[in-house]
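Residues per chain, in single letters:
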Amino acid sequence: METTEPQPLTVAPAWIERHCVVPDGFRKGDPFRLYGYQLRYLGAFYSVRGDARWDPDDPVLAPAFVYRRGLLVGPQKLGKGPHTAAHICLEGVGPALFAGWAGKDDGYACADHGCPCGWEFGYEPGEPMGMLWPTPLIQITAVSEEQTDNIYDALRPMIEEGRLSDLIRRTGEDFIRLPGGGRIDTVTSSAQSRLGQRITFAPQDELGLWTPTNKMTKVADIQYRGLAGMGGRASLTTNPWDPAENSVAQQQYESSATDVYRQFTQAPRHLSYRNKQERRKIHRVVYEDALRDRGGHIDLDGIEAEAADLLERDPGQAERFFGNRIVRGIGAWLPDGLWDAAEAAVEGVA
Ligand SMILES: [Zn+2]
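Going along each chain's sequence as written, the residues are numbered from 1 onward. In view of the model being predicted, local features appear only for residues whose pLDDT reaches at least 70, and side-chain atom pairs are presented and counted only at 80 or more, with totals across whole chains, interfaces and linings using the full set of residues. Hydrogens and water are ignored here; the side-chain numbers use all heavy atoms of the structure.

## Let's talk about the coordination of the zinc ion
Put simply, the rule is: We call an atom a donor if it is N, O or S and sits within 2.8 Å of the metal, or 3.2 Å for Na, K and Ca. Water is not counted, so some sites may look partial. In short, tetrahedral needs four donors with all angles between 85 and 135 degrees, square planar needs four and octahedral six donors with opposite donors over 155 degrees apart and all other angles between 65 and 115, and whatever is left is irregular. Under the scheme used here, helices are H or I runs from DSSP no shorter than 4 residues and strands are E runs no shorter than 2 residues, and both carry numbers assigned from the N terminus. The buried label applies to any residue whose accessible area, calculated with a 1.4 Å probe on protein chains only, is under 20% of its type's maximum; exposed applies above 50%, and partly exposed to all values in between.
The zinc ion binds to the protein through His19 (NE2), Cys110 (SG), Cys115 (SG) and Cys117 (SG); the donor distances cover 2.0 to 2.3 Å. Around the zinc ion sit 4 donor atoms; with metal-centred angles ranging over 96 to 119°, the donor geometry is tetrahedral. Look at where the donors of the zinc ion fall in the sequence and you get H-x90-C-x4-C-x1-C. Of the two residues, His19 is situated in helix H1 (residues 11–19) and Cys110 in the loop between strand S5 (107–109) and strand S6 (120–122); the sequence distance between them amounts to 91 residues. Classification of Cys110 by relative accessible area gives buried; the value is 1%.

As structure tokens, this is what we get:
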């Protein structure tokens, strides 16, 4: 072993940019370019342990990687839906597993994996190589169908409008069959019976809404067990949560586990979300390079308009959704307790 430092599986994000396309909007069908925050996330998610050993007869799956799961916390409209869709494509038909350390002249060739696009990726000697899951079983999971649809509706055109249509011939209304017998399904809390299935990848969305009350805590546990059995991994995406709800997002963020990668870009605490100028600074930080003036799709004025609108009705949610902050309940700036008293008073009136 020359090194024990973790090393990113660089073929993984490169494969995404080669094969995935923008799923909607004016640039629909154009190559999908990963934002800096997405590259950072995927770079960590596909970071291979420096001491990972390669045995072609018994490949190391999840344990080859530094992290067992990833948690991406971001504001509304950041692009988490297309990000997750691209991640699913990679886990479904791209090099998402560790396949040993590259020697001189090693490379990844699409032609070896049933993709006619002609792409070849040359590895640097000593960097990790990637391979496909033989039979990927992927469950897009969220509290409601509306939420799983957010991802699924980005996933279908991402496949249909680009090169992946040669690999995945048909995408269905409800699920997608993958070459080799794999499939991509959507599941919600109402599909308990299908949750026990052995899965290889679980994109879990809006994790801030997964609570003991709606039984999603149990769903998360079942999926983590299923993944552990298969050597698979989970990617968790969410807006910031309400700390009063004890969500799975909060548990995963606060747990002492060192093999959970957590990415949560926050603005300096002293900036007040109630002050328009400071709010703008907050948005500048949390939307990162998804901002239009940095080459992205997010218009600061548009975000401000929506945030200001929501602030009037539900300041806590506005600060969580657009300010990317963990804020309790609806009245962020009332001290805890005082808010409960106010709420009780309102209920009394009603
Ligand atoms: Zn290809």
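## Points about the side chain of Gln147
Test applied: Any pair of residues with heavy atoms lying within 4.5 Å of one another is described as a contacting pair.
Note that Gln147 resides in helix H4 (residues 145–160). The exposure class assigned to Gln147 is buried, which follows from its relative accessible area of 14%. Look past the residues within four positions of Gln147 in its chain and what remains in contact with it is Ala142, Asp205, Glu206 and Leu209.

## Points about the pairing of strand S7 (residues 128–131)
Threshold: Only when DSSP finds a minimum of two bridges between them are two strands counted as paired.
Every second residue of S7 is oriented toward a common face, with Pro128 and Gly130 on one face and Met129 and Met131 on the other, all of them buried. Relative to S7, strand S4 (residues 97–101) is paired through 3 bridges, and the arrangement is antiparallel. The residue of S7 that forms the bridge with Phe98 is Gly130.

## Description of helix H6 (residues 216–230)
Rule in force here: Expected helix span is computed as 1.5 Å times (number of residues minus one).
If you check H6, its first and last C-alpha atoms are 21 Å apart, about what 15 residues at 1.5 Å a residue would give, namely 21 Å. Within H6, the full set of buried residues consists of Met216, Thr217, Val219, Ala220, Ile222, Gln223, Tyr224, Gly226, Leu227 and Met230. Immediately beyond the C-terminal end of H6, within one or two residues, lies Gly231, with a positive phi of roughly 75°.

## Comments concerning the packing of aromatic side chains
Let me state the cut-off plainly: In summary, the pairing rule links any two rings of Phe, Tyr or Trp, Trp by its six-membered ring, whose centres are within 6.5 Å, and it sorts them by plane angle into stacked for under 30 degrees, edge-to-face for over 60 and tilted for everything else. Note on criteria: charge over ring means Lys NZ or Arg CZ within 6 Å of the ring centre, with the direction from the centre no more than 35 degrees off the ring normal.
Scanning all chains against the criterion turns up 15 aromatic pairs. Measuring from centroid to centroid gives 5.0 Å for Phe45 and Tyr46, while their planes differ by 65°, and the two rings are edge-to-face. A single burial state applies to Phe45 and to Tyr46, both of which are buried. One cation-aromatic arrangement involves Arg233 over Phe65; the distance from NZ or CZ to the ring centre is 3.8 Å. Looking at Arg279, its charged tip hangs above the ring of Tyr273, at a distance of 5.8 Å from the centre.

## Section: the pattern of salt bridges
As a reminder of what qualifies: Every case where a carboxyl oxygen of Asp or Glu lies within 4 Å of a side-chain nitrogen of Lys or Arg is listed as a salt bridge.
A full pass over the atoms with the stated rule returns 16 salt bridges. Among the salt bridges present, the one from Arg280 reaches Asp301, with a minimum N-O distance of 3.0 Å. Here Arg280 is found in helix H8 (residues 276–286), whereas its partner Asp301 is found in helix H9 (residues 300–313), with 21 residues between them in sequence. Assessed through its relative accessible area of 36%, Arg280 is described here as partly exposed. In this structure, the salt-bridge partner of Glu319 is Arg325, at a minimum N-O distance of 3.0 Å. Among the residues examined, Glu319 registers a relative accessible area of 8% and is labelled buried. With relative accessibility at 2%, the residue Arg325 sits in the buried group. Members of the salt-bridge network, linked through shared partners, are Arg156, Glu160 and Glu173.

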